[in-house]
Amino acid sequence: MVLSMVIATFRQIQNVAGYIDRLVLKKQRDTDVLSRTLSRVALETEIKASLGDSGKGGCLMFVDIDNFKYINDTYGHVVGDDFIIDTGRCLKMVCSIKDIVGRYGGDEFLLFFPDLYDKAVVEDKAKEILLSVQTCGIARQLKESLSVSIGCLIFHSSENLQGLLKQVDEVLYEAKNNGKNRFCLNEI
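Rules behind the numbers
Residues numbered from 1 in each chain as written. Predicted model: local features only at pLDDT ≥ 70, side-chain atom pairs only at ≥ 80, totals over all residues. Heavy atoms only, no water. Buried < 20%, exposed > 50% of the residue type's maximum accessible area, 1.4 Å probe, protein only. Helix = DSSP H or I, 4+ residues; strand = E, 2+ residues; numbered from the N terminus. Arc of directions from axis to C-beta. Contact = heavy atoms within 4.5 Å. pLDDT = per-residue confidence, 0-100. Axes fitted to C-alpha atoms, helices over the stretch in contact; angles between N-to-C directions. Parallel < 35°, antiparallel > 145°, perpendicular 65-115°, else oblique. Left-handed = near helix turned anticlockwise from the far one by under 90°. Nonpolar A, V, L, I, M, F, W, Y, C, P; charged D, E, K, R; others polar. Polar contact = N/O pair within 3.5 Å; in protein donor to acceptor, adjacent residues only side chain to side chain. Core = buried A, V, L, I, M, F, W, Y, C linked by side-chain atoms within 4.5 Å. Salt bridge = Lys/Arg side-chain N within 4 Å of Asp/Glu carboxyl O.

Asks: Mind showing me how you'd approach helix α3 (residues 68-75) here?
Replies: Side chains of residues three or four places apart in an α-helix project in the same direction, reflecting 3.6 residues per turn. Along α3, the residues that are buried comprise Phe68, Ile71 and Asn72. Buried residues along α3 cover an arc of 95 degrees about the axis, so they all sit on one side. Turned more than 90 degrees away from the buried face of α3, the exposed residues are Lys69 and Asp73. Against the buried residues of α3 lie β1 (58-65) and α4 (77-93). Immediately beyond the C-terminal end of α3, within one or two residues, lies Gly76, with a positive phi of roughly 100 degrees.

See below:
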């Protein structure tokens, strides 16, 4: 009887340890190594799940580091990596727990704010992001004017994510073409 209890307890401990190992592996798989935000696959998965759960929309923001090639060419890739790290940290600081933040690729980040439709709040959030990135640690160290451009898309119903990404990308490039270090906003 005692041996049975010991074996059962040992198996439970193994099950818990296996579960914890799987959680750690999932966290590692879903986290971008540099920015410590969601990876692209995890980001798209979470946004799709959020859209599917609510059946509503919100606000997508595409954030692109301005002049990133210049940063890499001038200071080296290590400093470029540091700026990606700082940018990820800055973006997470201006987001709440329910918001979704991830590195989409290279020097681009994607943020999703579920059920955020108020244009004034979106504008304030974009301004907060612009200021946060401008004053991040690496920008002060380099004494450079570092900035991001942001495309903001408010949408009222969950549409095809790829279509939304295409539209928010167009809004981002509108911001970049209008001089960078700014945001543009579109509502559909």
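Text resumes after the structure shown.
Asks: Would you explain the confidence of the model for the chain in this entry?
Replies: When pLDDT is averaged along the chain, the result is 83; 84% of the residues meet or exceed 70. By mean pLDDT, helix α1 (residues 2-30) is the weakest element of the chain at 58, and strand β4 (residues 148-155) is the strongest at 95. This model gives residues 19-28 a pLDDT under 50, and the stretch forms zero contacts once residues within four places in sequence are excluded.

Asks: Which parts of the structure should I look at to understand the packing of α4 against helix α5 (residues 119-134)?
Replies: Think of two packed helices as two axes; the pair is described by the angle between the axes and how far apart they sit. For the pair α4 and α5, the least separation of the axes is 9 Å and the interaxial angle reads 140 degrees. Between α4 and α5, the crossing angle belongs to the class labelled oblique. Viewed along their axes, α4 and α5 form a crossing whose handedness is right-handed. Contact residues: Phe83, Thr87, Cys90 and Leu91 in α4; Ile129, Ser132 and Val133 in α5. Of the residues belonging to the contact of α4 with α5, the class tally is five nonpolar, two polar and no charged.

Asks: Just to check I follow, could you spell out the side chain of Arg103 for this structure?
Replies: Among the secondary structure elements, Arg103 is positioned in strand β2 (residues 100-105). Using a relative accessible area of 15% as the deciding quantity, one classes Arg103 as buried. Polar contacts involving the side chain of Arg103 include one to the main-chain carbonyl oxygen of Gly106, which spans 2.9 Å. Residues contacting Arg103, with those up to four places away along its chain left out, are Asp32, Leu34, Ser35, Thr37, Leu38, Ser39, Arg40, Ile84, Glu108 and Phe109.

Asks: In this structure, what is going on with the nonpolar core? I would like to understand it.
Replies: If you look at soluble globular proteins, the nonpolar side chains tend to sit buried side by side. By size, the foremost hydrophobic cluster in this structure holds 31 residues, and its most contacted members are Met61, Phe83, Leu111, Ile129 and Ile150. The contact partners of Ile129, leaving out residues within four places of it in the chain, are Met61, Leu91, Val94, Leu111, Val148 and Ile150. If you look at the next biggest cluster of nonpolar residues, it comprises 18 residues, including Leu38, Leu51, Leu161 and Leu172.

Asks: Explanation requested: the pattern of salt bridges in the structure shown.
Replies: Evaluation of the coordinates by the stated rule reveals eight salt bridges. The residue Glu44 makes a salt bridge to Arg40 at a minimum N-O spacing of 3.7 Å. Here Arg40 and Glu44 lie together in helix α2 (residues 40-54), a separation of four residues that amounts to about one turn. A salt bridge links Lys125 to Glu128, with the shortest nitrogen-to-oxygen separation between them at 3.9 Å. Of this pair, Lys125 and Glu128 both sit in helix α5, three residues apart, which is roughly one turn of the helix. Taken together, the shared-partner salt bridges connect Asp64, Asp66 and Lys176 into one network.

Asks: Sorry, what's going on with the environment of Gly88 here?
Replies: Among the structural elements, Gly88 can be located in helix α4. For Gly88, a relative accessible area of 0% corresponds to the buried category. For Gly88, the contacting residues outside a window of four places in its chain are Ser35, Thr37 and Phe109.

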